[in-house]
Structures are given as structure tokens and as C-alpha cells.
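# Architecture at a glance
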Amino acid sequence: MTDLARRRLGRGGVEVTELSFGGAGIGNLYAPISDARAATALDHAWNAGIRYFDTAPHYGLGLSERRLGEALRGRDRSSYVLSTKVGRLLEPVGEVSGDDLADGGFAVPATHRRVWDFSADGVRRSLEASLRRLGTDRVDVVFLHDPDHHEEAAFREGYPALEKLRSEGVVGAIGAGMNQAEMLTRFVRDTDVDAVLCAGRYSLLDHGALPELLPAAEERGVSVVIGGVFNSGLLAAPEPGARFDYTEAPPGLLRRAQRLRALAERHGTTLRAAALAFPFGHPAVAGVLVGIREPNQVLDAAREFAADVPACFWREARAEGLLPAGAPVPGGTGEARP
């Protein structure tokens, strides 16, 4: 088993491993996988030293939470960190017809419908339902999930509800998780969140979190967990048809990813290793969250996370305009992340 370094979320006591397990894939994102394969992937993650697991009711209409809870059952509860999300309630439908692929993107029967609810009551009901599916009496971190079109409700009701849960000791850390940086910056500046989960907006290809979110988080002592470091797959395997932000990557971005891959290979490393290392150049970043569905993906992520990315890669990426001149790189001076 590999020992992964841990970092604290904000000023609280919750510590997460720098590499964490994103649970959308085991919720049958895009295509089904078996219970056995999901369980094996989670076993591999545990054996690789991963001790932070993130999920949400949205992922497979609760399937991700159920599978994750089953895989962690019987393990020392104090040895790992578990996060889930609130903002979508799952309501049963009468007659099941079809699957969830069109509405939610998950290959599961459409047994429930998602109802947006960032009210205080909705937050508590969502968390209680998640605890039942997970089969546990507590989670360590709760994020408001994708409040893009519910901004005022999230700030007026959802966030205070999370703050109350934290003050009661029900959860250890609170925050928000989104695919954008702008509203996360407001959470950092205007609330007392411990952490934010920023998906896809701080990667080798997208630096949207760099101008405001990351500096604000550093100033306020808020941690940032970076999801989507492969930008839906383009930075894992930049081939025609690869996804970027859940849809097929445009030709210009594909060419840029391929240039980054060629540069990495010239310097004796890989594009995936560079993608995993890049966020750690900024001191506000506490970890990277990798969406995993297959056992081999765990092994690959653990191997690439541990790989060396030499300083010359970062220098040349800047010189070729593949990274902004102001983007910090691991080590602060272009050195590889230890």
C-alpha cells in the first residue's frame, strides 16, 4: 500500500489525501458497470492509499452512494474521509420507463427524479437520505452541489443550513462544488466555507480558477479540491473523439492537448502525470479528485500521480505558450511536486 500525503481542508480538522476518488463513474456515468467491478475499483483505491472518497445523490440516482457505502463498510471509519453533496432531492417516480442517460447521464433505471432544493429543510433531508444509502452515521464533508441557477437560495438558505450542521458537529467541513469558478469565488469571499470543489476549471487546458478563485482561497485560508484534471478525458488520452467538459473536444483544444502530450513525452514523463501534478503548483490546492469507474483506472492514476514531472517540462510549456506565464507550477520554481 502507498502512503499518500494528506492536507487539511481550510482551518478545520478534516484532512484528505492529495489523491482522492470521485464517485460519478461507479454511479454508471455514461455506461453501466457491475457491482463487482465497482467494488474492485474501490478496493484498488484503498490499496493505493486513497482515503478520501467523494460521491453525490446525483451520481446514478443514489447508486454511487450505495456502492461506496458497501465498499467502505467494515473499514475503520476514522481512517478515511467521506464527502457527499446536497441540493438535489431524489423523489421516486410511479412507473419506471427507460433510463437516466438523457436526463442525468447515468446508465441506471429512471426510478427517481431529481428535485432541486437548497432550502434548510432540503439540505437536511438530502443528507439524511445520503446517510441511509451510504449506510453510515456521518459524513465528513458536505458540498452544495451545482447551485448555478439557484444562487440566492444557496446563499440565503443552503449555506446557513450547512453552517448549522457544522456547528452542531454533524459534519466536519462544508463547502460548494461546481463546474465554474465565479460563484465559488463568492462562496470563498462571502461565507465561512472550509473548502470548495472546483471541477474542470483548473487544469493544463483551463485556467479559469487562476485569476480570482485561487488567490481568494489562499487569502481566506480556504482549501480548493480540484476535480476534472483530465477535463472529461481529453488530458488522459487526446485522440479524436475525446471529451472535453462532457462533450466532444473542439479541434483546437485537441491539438493543444496533443502538443502537451508530445512535450511531456520528450521530457520523459506523461501527459496524465503532468495533468495530475499541475494543480499543486498553487498553495490553495489541497488535492485532486479523479473520477474512477474501472480498477485499471485506479492503478493508472496512482502510478501517474507518483511519477516525476521534470522542471524542464514546465519551463518549455510556458515558453511555447501552452501555460500562462503567471500560472504557478509545482515546486514554485518549476520543480516537480515531491
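Right above here is the structure, for reference.
A few points on the structure. (Residues numbered from 1 in each chain as written. Predicted model: local features only at pLDDT ≥ 70, side-chain atom pairs only at ≥ 80, totals over all residues. Heavy atoms only, no water.)

Our focus in this paragraph is the overall build of the chain. A count of helices and strands for the chain gives 10 helices and 16 strands. Taken over C-alpha atoms, the radius of gyration comes to 19 Å for the chain, in line with the 20 Å a tight globule of 338 residues would show. Across its three principal axes, the chain shows a C-alpha extent of roughly 55 × 40 × 40 Å. Taken over 338 residues, the chain has a buried fraction of 57%. Long-range contacts, defined as pairs at least 24 residues apart, comprise 73% of the intrachain contacts of the chain with a sequence gap of at least 6. Per element, the accessible surface of the chain, about 13,700 Å² overall, is 49% carbon and sulfur. Averaged over its 39 positive side-chain charges, the chain has a centre that lies 2 Å from the centre of its 45 negative ones. (Helix = DSSP H or I, 4+ residues; strand = E, 2+ residues; numbered from the N terminus. Rg over C-alpha atoms; globule rule 2.2 N^0.38 Å. Buried < 20%, exposed > 50% of the residue type's maximum accessible area, 1.4 Å probe, protein only. Contact = heavy atoms within 4.5 Å. Areas by Shrake-Rupley, 256 points an atom, 1.4 Å probe, with all protein chains shown as cover. Lys, Arg positive; Asp, Glu negative; His and termini not counted. Charge placed at Lys NZ, Arg CZ, Asp CG, Glu CD.)

Further remarks concern the sheet that holds strand β3 (residues 19-22). The strands that make up a sheet are held in pairs by hydrogen bonds between backbone atoms, and each pair lies either parallel or antiparallel. Taken in spatial order, the 8 strands line up as β3-β4-β5-β10-β11-β12-β13-β16 and close into a barrel, and their pairing is parallel. Taking the axes of each pair of neighbouring strands and ignoring which way they run, one obtains an average angle of 25° across the sheet. Bridging between strand β13 (residues 223-227) and strand β16 (residues 285-291) involves 4 bridges; their strand directions are parallel. Opposite Ile226, over in β16, you have Val288 as the bridge partner. Each of β10 (141-145), β11 (173-178) and β12 (195-199) touches helix α5 (residues 182-190); the most contacted strand, β11, lies at about 160° to it. (Pairing = 2+ DSSP bridges. Axes fitted to C-alpha atoms, helices over the stretch in contact; angles between N-to-C directions.)

Here the focus is the side chain of Glu304. By the secondary structure assignment, Glu304 is in helix α9 (residues 295-306). Judged by relative accessible area, Glu304 falls into the buried class, the value being 7%. For Glu304, the side chain forms a polar contact with the side chain of Arg272, separated by 3.3 Å. Ignoring anything within four residues of it in the chain, the contact list for Glu304 reads Thr270, Arg272, Ala273 and Leu276. (Polar contact = N/O pair within 3.5 Å; in protein donor to acceptor, adjacent residues only side chain to side chain.)

What follows is about the nonpolar core. The biggest cluster of nonpolar side chains holds 94 residues, and the ones touching the most others in it are Phe53, Phe187, Leu204 and Trp314. Every residue in contact with Phe53, bar those within four places of it in the chain, is listed here: Phe21, Leu42, Ala45, Trp46, Leu68, Leu72, Tyr80, Val81, Leu82 and Ser83. In terms of nonpolar packing, the next biggest core, distinct from the first, is built from 13 residues, Tyr52, Leu197, Val225 and Leu289 among them. (Core = buried A, V, L, I, M, F, W, Y, C linked by side-chain atoms within 4.5 Å.)

Turning our eyes to something else, we now look at the packing of aromatic side chains. This structure, assessed with the given rule, holds 11 aromatic pairs. Ring geometry for Trp46 versus Phe53: centroids 6.3 Å apart, planes at 10°, classification stacked. Both residues of the pair, Trp46 and Phe53, count as buried. The interplanar angle of 70° and the centroid separation of 5.9 Å between the aromatic rings of Phe280 and Phe305 together place this pair among those described as edge-to-face. Of this pair, Phe280 sits in the loop between α8 (271-277) and β16 while Phe305 sits in helix α9, and the two are 25 residues apart along the sequence. Of the residues examined, Phe280 reaches a relative accessible area of 7% and is grouped as buried. (Phe/Tyr/Trp six-rings, centres within 6.5 Å; stacked < 30°, edge-to-face > 60°.)

This part takes up unusual backbone geometry. Of note in this structure, Tyr30 is not a glycine but carries a positive phi near 70°. On the secondary structure map, Tyr30 appears in the loop between β3 and α1 (35-47). For Tyr30, a relative accessible area of 33% corresponds to the partly exposed category. Notably, Tyr246 is not glycine yet its phi reads approximately 75°, a positive angle. Following the sequence through the fold, Tyr246 ends up in the loop between β14 (243-244) and β15 (247-248).

It is the contact of helix α2 (residues 63-72) with helix α3 (residues 120-134), at a shortest axis distance of 7 Å, that shows an interaxial angle of 50°. Our classification of the angle between α2 and α3 gives oblique. Within the contact between the two elements, α2 uses Glu65, Arg66, Leu68 and Gly69 and α3 uses Ser130, Arg133 and Leu134. Tallied by class, residues from the contact of α2 with α3 come to 2 nonpolar, 2 polar and 3 charged. (Parallel < 35°, antiparallel > 145°, perpendicular 65-115°, else oblique. Nonpolar A, V, L, I, M, F, W, Y, C, P; charged D, E, K, R; others polar.)

Looking now at α1. Taking 1.5 Å of rise per residue, the 13 residues of α1 would be expected to cover 18 Å, and the 18 Å separating its terminal C-alpha atoms lies within 8% of that figure. Along α1, the residues that are buried comprise Ala38, Ala41, Leu42, Ala45 and Trp46. Taken end-on, α1 shows its buried residues confined to a sector of 140°, consistent with a single buried face. Against β3, β4 (52-54), α2 and α9 lie the buried residues of α1. (Expected span 1.5 Å × (residues − 1). Arc of directions from axis to C-beta.)

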